[in-house]
Amino acid sequence: MRIRATVAAVSGALALSALAVPAAHATGSSGTPYTMDVSFSNLKIASAIKVGTTNQVSTTYSYTLTHGADVDVTASDFFSDAYLYRGTLDDPSKTLEGDDFATCTVTSSTTATCTGTVDIHPGEGELKNADAGGWTVAAEAYAFNGQDPDNPDLSKVGFKDQGSLATSNVQRYSKLTANAGPEPVTKGKTLTTTGKLSRANWEDGLYHGYTSQPVKLQFRKAGTTTYTTVKTVTSDSSGNVQATATAQYDGYWRLSFAGTSTTPAVSATGDYVDVR
């Protein structure tokens, strides 16, 4: 995650964060940042971000930055990015940012298209399980205008942020297995499919059963491409799933979970059973 050195004290509810340098914190700064003539629109980001227990997950975003004639988006000390937040824009309870700032490409004298990534690091304890679900997306821009980031005159530093530009669900990655049997099975006999629905626990780095969730038993006849739902069962207190059906045709049996706001949909790999 990006380490941002704080370059401004609170001005009302606004705190300006800046350069991505671990060198650390601004000292001796004075004044209050002025509000830049900048706005953000047309922000696009994935509607859902699936996050496991260890691997970094990155999702791309893009937006249009519109600015006044006095704003130089090509300056080396002009920065902009988008980020996820919870709570309010002025006082977020948590944010998720990118490891780097966005890249802004000039499209006219007053607009630029900016692209970047939000980078999530679950293995570093960045997320708690309660963080799963809906997040809001904001964008920001700031210009140092030649000021030393370690000791700026903040009255010469421009800043603008804008919230509620989009939403995205940050979800606990899910897994689902399926094993159908007996194999082979006699036509007309009972066939049982078992499996387990589990999801990432961001606090202990393991996968645990997702309990009391509806899971569909689905069948695809050999030589076809479409699964049909046979019945719906519920995962038990350990996330285990068991469903029975009558064997009629050769084909593939699988379990399928439709997902929730906190956990993505997932389908197990189909298990082929020969009917004799």
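Details of the structure are given in the entry above.
Anyway, here's the lowdown on the structure attached to this text.

Conventions used here
- The residue count restarts for each chain, going from 1 along the sequence in the order it is written.
- It should be noted that, the model being predicted, local features are given only for residues of pLDDT at least 70 and side-chain atom pairs only at 80 or more, the latter also being counted only at that level, while totals for whole chains, interfaces and linings use all residues.
- In computing side-chain properties, one takes all heavy atoms of the structure into account and sets aside hydrogens as well as water.
- Two cysteine sulfur atoms make up a disulfide if the distance between them is within 2.5 Å.
- Labels follow the DSSP assignment, with helices taken as runs of H or I lasting at least four residues and strands as runs of E lasting at least two, numbered in each case from the N terminus.
- What makes a nonpolar core is a set of buried Ala, Val, Leu, Ile, Met, Phe, Trp, Tyr and Cys residues whose side-chain atoms join them at distances within 4.5 Å.
- The classification of residues rests on relative accessible area computed with a 1.4 Å probe and restricted to protein chains. Under 20% of the type maximum is buried, over 50% is exposed, and intermediate values are partly exposed.
- Contact between two residues is taken to exist if any of their heavy atoms lie within 4.5 Å; hydrogens are not considered.
- Stacked, tilted and edge-to-face are the three classes applied to pairs of Phe, Tyr and Trp rings, where Trp contributes its six-membered ring and a pair requires centres within 6.5 Å; stacked means planes under 30 degrees apart, edge-to-face means over 60, and tilted covers the rest.

### Structural notes on the state of the cysteines
Per the stated rule, a full pass over the model turns up 1 disulfide. Residue cysteine 104 pairs covalently with cysteine 114 via a disulfide, S to S 2.1 Å. When the S-S torsion is 110°, as for the bridge of cysteine 104 with cysteine 114, the disulfide is right-handed. Of this pair, cysteine 104 sits in strand β7 (residues 103-106) while cysteine 114 sits in strand β8 (residues 111-120), and the two are 10 residues apart along the sequence.

### Digging into the environment of glutamate 124
Its place among the elements puts glutamate 124 in the loop between β8 and β9 (133-143). A C-alpha to C-alpha distance of 9.9 Å links glutamate 124 and glutamate 203, two positions 79 residues apart in sequence.

### Section: the nonpolar core
The biggest cluster of nonpolar side chains holds 33 residues, and the ones touching the most others in it are Tyr63, Leu65, Leu84 and Val170. Breaking this core down by element, the ones donating at least two residues are β2 (38-45), β3 (48-51), β4 (57-67), β5 (78-87), β8, β9 and β10 (158-172). In terms of residues, this core owes the most to one element, β9, which gives 5 residues. Discounting chain neighbours no more than four positions away, the residues touching valine 170 are Ile49, Val51, Leu84, Leu96, Ile120, Leu127, Asp131, Ala132, Gly133, Trp135, Trp202 and Thr262. Residues Leu191, Val233, Val241 and Ala268 belong to the second largest nonpolar core, which totals 22 residues.

### Quick notes on the packing of aromatic side chains
Counted according to the given criterion, the structure contains 11 aromatic pairs. Considering the side-chain rings of phenylalanine 79 and tyrosine 142, the 6.3 Å spacing of their centres and the 40° angle between planes classify their relative orientation as tilted. Here tyrosine 142 lies in strand β9 and phenylalanine 79 lies in strand β5, a separation of 63 residues in the sequence. With respect to class, phenylalanine 79 is no different from tyrosine 142; both count as buried. Taken together, a centroid distance of 4.5 Å and an interplanar angle of 40° make the contact between phenylalanine 219 and tryptophan 253 tilted. Remark: tryptophan 253 occurs in strand β18 (residues 251-257) and phenylalanine 219 occurs in strand β15 (residues 214-221); sequence separation between them is 34 residues. In this structure phenylalanine 219 comes out as buried when scored by relative accessible area, which is 13%. By relative accessible area, tryptophan 253 is classed as buried at 5%. Each residue in the set Phe79, Phe101, Tyr142, Phe144 and Phe159 is aromatic and connected to the rest through ring pairs, giving one cluster.

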